Amino acid sequence: MSSINDSGYLSVEIDEWIEKHRKKALPWFELCESINKFSHSIMFSIEVHNKYLPELIAASLYVRSMSCFQGVIIMAERGMINEAKSLLRCLLECMFTIVAIHKDENVAMQLVLGDLLQRKDYLKAYKRTKEGQITHESKPSLEDIERLMQDIENSIQKEKVIKLTKRDLAEKAGLATIYDTAYKLLSSTIHANVRDLEQYLDLNKSNEVKKILWGP
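The notes below deal with the structure included here.

Each value, and the rule that gives it
- Residues numbered from 1 in each chain as written.
- Predicted model: local features only at pLDDT ≥ 70, side-chain atom pairs only at ≥ 80, totals over all residues.
- Heavy atoms only, no water.
- Helix = DSSP H or I, 4+ residues; strand = E, 2+ residues; numbered from the N terminus.
- Buried < 20%, exposed > 50% of the residue type's maximum accessible area, 1.4 Å probe, protein only.
- Contact = heavy atoms within 4.5 Å.
- Areas by Shrake-Rupley, 256 points an atom, 1.4 Å probe, with all protein chains shown as cover.
- Lys, Arg positive; Asp, Glu negative; His and termini not counted.
- Charge placed at Lys NZ, Arg CZ, Asp CG, Glu CD.
- Patch = residues over 30% accessible without salt bridge, like charges linked within 9 Å, V, L, I, M, F, W, Y side chains within 5 Å.
- Salt bridge = Lys/Arg side-chain N within 4 Å of Asp/Glu carboxyl O.
- Polar contact = N/O pair within 3.5 Å; in protein donor to acceptor, adjacent residues only side chain to side chain.
- 1 Å grid on protein atoms, 1.4 Å probe; cavity = no way out; pocket = protein on both sides within 12 Å on 5 of 7 lines; lining within 4 Å.
- Points joined across faces, edges and corners; volume = space filled by probe spheres on them.
- Nonpolar A, V, L, I, M, F, W, Y, C, P; charged D, E, K, R; others polar.
- Expected span 1.5 Å × (residues − 1).

### A few points about the overall build of the chain
Link 1 in the chain: Counting its secondary structure elements, the chain contains 9 helices and 2 strands.
Link 2 in the chain: For the chain, the sequential pattern of α-helices and β-strands runs α-α-α-α-α-α-α-α-α-β-β.
Link 3 in the chain: In the chain, which comprises 216 residues, the proportion classed as buried is 30%.
Link 4 in the chain: Counting contacts in the chain only where the partners sit at least 6 residues apart, residues at least 24 apart contribute 59% of the total.
Link 5 in the chain: A total accessible area of about 14,800 Å² is found for the chain, and carbon and sulfur atoms account for 57% of it.
Link 6 in the chain: Each charge class in the chain can be summarised by its mean position, and for the 30 positive and 31 negative side chains these summaries are 3 Å apart.

### Description of a nonpolar patch on the surface
Link 1 in the chain: Taken together, the side chains of L197, Y200, L201, L203, V209 and I212 make up a nonpolar region of the molecular surface, amounting to roughly 500 Å² of accessible area.
Link 2 in the chain: Looking at where L197 falls in the secondary structure, it is placed in the loop between α9 (176–190) and β1 (201–203).

### Brief notes about the pattern of salt bridges
Link 1 in the chain: Under the definition given, this model contains 11 salt bridges.
Link 2 in the chain: Here E146 makes a salt bridge to K127, at a shortest N to O gap of 2.2 Å. With a gap of 19 residues between them, E146 in helix α7 (residues 142–159) and K127 in helix α6 (residues 106–131) connect regions that are remote in the sequence.
Link 3 in the chain: In this structure, D180 engages R167 in a salt bridge whose closest nitrogen and oxygen atoms are separated by 2.4 Å. Taken together, the residues D180 in helix α9 and R167 in helix α8 (residues 166–172) connect sequence positions 13 residues apart.
Link 4 in the chain: Since its relative accessible area comes to 26%, R167 is described here as partly exposed.
Link 5 in the chain: Linked through salt bridges whose partners overlap, the residues forming this network are R22, E33, E77 and R78.

### Looking at the side chain of N82
Link 1 in the chain: By secondary structure assignment, the location of N82 is in helix α5 (residues 81–103).
Link 2 in the chain: A polar contact of 2.3 Å, which involves the side chain of N82, links it to the side chain of Y200.

### Looking at the layout of surface pockets
A probe as big as a water molecule, rolled over the atoms, marks out the empty space that is left.
Link 1 in the chain: Its volume calculated, the largest pocket comes out at about 700 Å³.
Link 2 in the chain: Lining the largest pocket are 27 residues, with L111, G114, Q118, L164 and K166 sitting closest to its centre.
Link 3 in the chain: Sorting the residues of the lining of the largest pocket by element identifies α4 (53–77), α5, α6, α7 and α8 as the ones contributing at least two each.
Link 4 in the chain: In terms of residue class, the lining of the largest pocket is made up of 13 nonpolar, 5 polar and 9 charged.

### Comments concerning α4
Along an α-helix, a turn takes 3.6 residues, which lines up residues three or four apart on a common side.
Link 1 in the chain: In this model, α4 (25 residues) spans 36 Å end to end at C-alpha, consistent with the 36 Å of a helix rising 1.5 Å per residue.
Link 2 in the chain: Following α4 by one or two positions, G79 adopts a phi angle in the positive range, close to 80 degrees.

Below you can see the structure in the form of structure tokens.
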């Protein structure tokens, strides 16, 4: 049987930590499970009209939200706090977008058109990769990429596509305060900023590092 020291969070011993964490924060886990059960009942009762974009995107985001929420619980019970924070940030992003679509259905089409900007960015990255290679045997060719990028650029200009940032969506949803507080703090974890790494250091009274902390 692998131990925590052997396999970390993948060890079978993690079950003992799950039990410990759930007992320590039982009211919170019970609340989350209650929310999860209620949310699941909502998910299965949603009626989505075919070809109606706002409903299709909102419903898809709701499904994504459910998996994110459950992921937060799974990570938290294992003591994987940073990983739980990362999923919680994704959950907030889903919330911003769903509420923004509810308040302005035009947001749905803006998101679809905004995909053109992402495709263009992906192609630019792919082009840089191919230009850095010694051979260009893989397909598509640089010429193909250039033509596709131009087609996408023409569509962007024709549709007058604008980039919707997560901040834009939060503002449209009327949730800018949550973006500027909770979302900002969670973003620090996502990007592994130096301040967010302090939790891995065990300091003595002289602020000298005694050891690196890890595990649940």
